[in-house]
Each structure stands twice: as C-alpha cells, then as structure tokens.
Amino acid sequence: MMKELDIEKLQTILATKKKITLLPHKNPDGDALGSCLALYTYLKEKHDVKVISPNDYPQFLKWLPHHEQIEIFEGGYKGDMRRFIQNSDLIFILDFNALHRIDELGNIVENSKGLKVMIDHHEQPEEFDIMYSDPSMPATAEMMYYFIEKLAGKESFNKDIATCLYTGIMTDTGSFRYPSTSSNTHRVIANLIELGAEKTEIHGNIYDSNTISRFKLIGKALQNLVVLNDLRTSYITLSSKELQECNYKKGDTEGIVNYGLALSGIVFTAIFIEDREKGIIKISLRSKGDFDVNQFSRNHFDGGGHINAAGGRSELSLDETVAKFNQIIPEYQAQLINTK
Ligand code: 5GP
Ligand code: MN
C-alpha cells in the first residue's frame, strides 16, 4: 500500500526546530538539485538543514541559489555527514525513489532514526515513511512547488525558491516539450516567473555554458551515431579513450543522448558511455510515444526511470554491451514499428 502524503504530520514536526537532511540522487541533475535547493531555501530559516549530494554535480548547475552549501559525500568528510544523517529528525529523498540510487549513503539513511520523506516522479517507488509519488509529473520540482504551497502557503515562496524550481522544471521537461508537461506545469511556471524567476538568464546559465571540449565531444558522438532504420532506433557510443581525447569534464555528456531521437522517424535511442574507472558502461535511454524505456532498462540493463527517459548500466565491455543491445532490440521490432 502506498502511503499518502501526510502534510499535517509534517507541519506538526516542523513547528519546532529540527535537524533535516535533503538528498538528491547520484549524478544529480537540475531537477534533483533545484528541488533540494528550493526546499533548503524554505527550511533553512527555521531549521538546521544540510543538502548532501552523493557525488559532485556539473558546472552548469554551479550558479543555483545556495548551491555552495551543498556537501559532497564522495571524497568529503564522510564522518560528519554520516553523523548528521544519523541524527536527523527528517530525511528528504528528492527526485529518486530507491535507496540503491545513492550507493553507500543508502545504508546510512536506512539506519537513521529520522523520518524518511520521499518526493519523486519516477515509476515503482520503494516504501518510505511519508511518500508523495506521482509518475505523471514531468519534474520533482513541479511536485515541490505543490508541496511547499501545501506545507507553508503561497507567501513562503521567494525569488530563490522560484529560480530553483524553474530550473528543475525546465531541465526535466526539455524546456517544456516532453509529453508530461501539462497546462498545470505552465501555470506553475507562470507563477514562478511572477515570483522573480529570470527565465532568460536561467536558460542561458544552463544551455549556453558549453565549452569547446563539450562541442568536440558532441562532434565525436554524432560521428559515432548508428541508425537502425528498420527498428526506428539509433544509438551513440563514447569510449573512455574518446572522452579523454575530448578533455571530458563532468556534465559534458549531458543531453547528448537526445540527438539520437531528433532524427526523423526514430522513436528509440540509447547512448553507451564507457566509465573505465568504475568498470561500467553507463547507459541512457530515450523514446517517443508509448515505447517504455523504463521497462526496457529494468529488463536488460539493471536500471529504470520513466517511460520516455531511463538510465541503466552494464558490466560488459563497450563492444559487448552494444552487441547485447543489437541482439535484444529485434525482439521489440513490432512494438517499435507501431509506436506512435
Ligand atoms: P539519465 O539517462 O539522464 O541518467 O536518466 C534518465 C532518467 O532515468 C532520469 O530521470 C533518472 O533519474 C532515471 N534513472 C537513471 N538511472 C536509473 C536507474 O538506475 N534506476 C532508476 N530507477 N532510474 C534511473
Ligand atoms: Mn526528475
């Protein structure tokens, strides 16, 4: 049974000063960090709050209001962060719904006495003490808007909160174009603009912060693009050697997967990125219409996500992973051809 969002319980708890941890998923994106930092901005006035990210986040997010106070678990003073989580009264799980998505931090969260509150829009959530789960939502940041409004009223919003939430919704909706973007999403966005979100500036901060090395990487990715017209599928590979040659920095591969879906007639695309350090291939999957990449990833690549956007991984080599993909997809030919 899924637990309903118990807002009154949270209001009662938050009536007095509390210790609170906010957690985005690993490799946090604009939605995860936007949601965390919006909630941080609201809660910090009254409470002892930390945002703890499992690992570092890309440069193009290092302008978000209050991002400088985010503590990075990987490579940081783990003891202090562990103690903070262990002693937290409340732990917010934001933009993810399964503790394995934060690696080592997952165990610490599991063993903390703190009340666990999940706010997330991915499919098939694990159980938490308090849950606000809605896979029909385009972004956790839209849910965070409703959550803060319900928790504290409209007057609790300010420019920083609006900026963080605008960024989260903009990045997770592909700038308001993915199917889950609704008229309500646009109403929320309109409110956020009225609250002070500087839309042109935010857009520029996120999308016009390319570097030459990222452009080289995009060039390489497009050279490597493979198109399987019969299957309405395409895919891109990037080996760790190619990443190195393009002077790869964290965040450089963000969004490259979408090129494969921008081709006329293509409804399913994948990018395979070799991470030699971790000994894995990181996979991103994207689709159009009703072809379900969440299920595809769960079935074959140890991951998940949403119907049209999912991630996964493989412990085979890059070549073997691509061979496995090529072997699997003909099974989906009928579905792919009929995808609307
Ligand atoms: P990306 O390809 O950008 O890493 O991920 C696409 C979407 O799938 C994001 O919403 C991301 O949070 C989700 N996702 C990525 N990897 C996993 C995974 O291993 N498990 C689950 N459940 N979701 C994932
Ligand atoms: Mn999200």
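For the structure itself, look to the data block above.
Residues numbered from 1 in each chain as written. Chains lettered and ligands numbered in written order. Predicted model: local features only at pLDDT ≥ 70, side-chain atom pairs only at ≥ 80, totals over all residues. Heavy atoms only, no water.

Asker: When you look at the environment of Gln86 in this model, what are you seeing that I'm missing?
Answerer: In this fold, Gln86 is placed in helix α3 (residues 78-86). With 79 residues separating them in the primary sequence, Gln86 and Leu165 have C-alpha atoms 28 Å apart. When sequence neighbours within four positions are dropped, the list of residues in contact with Gln86 reads Ser112 and Lys113. (Helix = DSSP H or I, 4+ residues; strand = E, 2+ residues; numbered from the N terminus. Contact = heavy atoms within 4.5 Å.)

Asker: Explain unusual backbone geometry to me, please; I cannot follow it from the model alone.
Answerer: With the exception of glycine, the majority of residues adopt a negative phi angle, and the majority of peptide bonds are in the trans configuration. Notably, Asn27 is not glycine yet its phi reads approximately 50°, a positive angle. Tracing the sequence through the fold places Asn27 in the loop between β1 (19-24) and α2 (30-43). Judged by relative accessible area, Asn27 falls into the partly exposed class, the value being 36%. Positive phi outside glycine occurs at Asp103, with the angle close to 50°. Along the chain, the position of Asp103 falls in the loop between β4 (90-94) and α4 (104-111). (Buried < 20%, exposed > 50% of the residue type's maximum accessible area, 1.4 Å probe, protein only.)

Asker: Explanation requested: the sheet that holds strand β9 (residues 268-275) in the structure shown.
Answerer: Strands in a sheet are paired, the pairing made by backbone hydrogen bonds, and the direction either parallel or antiparallel. Read across the sheet, 6 strands follow the order β7-β8-β9-β10-β12-β11 without closing on themselves; strand pairing throughout is mixed. A single partner strand is all that each edge strand has here, and the edge strands are β7 (226-228) and β11 (304-305). Looking at chain direction, strand β8 (residues 233-238) and β9 are connected through 6 bridges and run parallel. Its bridge partner lying in β9, Ile236 is registered against Ile271. Those strands touched by helix α9 (residues 212-224) are β7 and β8, and its axis lies near 130° from that of β8. (Pairing = 2+ DSSP bridges. Axes fitted to C-alpha atoms, helices over the stretch in contact; angles between N-to-C directions.)

Asker: Please clarify how the pattern of salt bridges should be interpreted in this entry.
Answerer: Pairs can form between side chains of opposite charge once their charged atoms are near each other. Within this structure, the stated rule accounts for 14 salt bridges. With a closest N to O distance of 2.7 Å, Glu149 and Lys154 form a salt bridge. One salt bridge in this structure joins Lys241 and Glu245, with 3.2 Å as the shortest N-O distance. One end of the pair, Lys241, and the other, Glu245, are both in helix α10 (residues 240-245), 4 residues apart, so they sit about a helical turn from each other. Each member of the pair Lys241 and Glu245 is classed as exposed. (Salt bridge = Lys/Arg side-chain N within 4 Å of Asp/Glu carboxyl O.)

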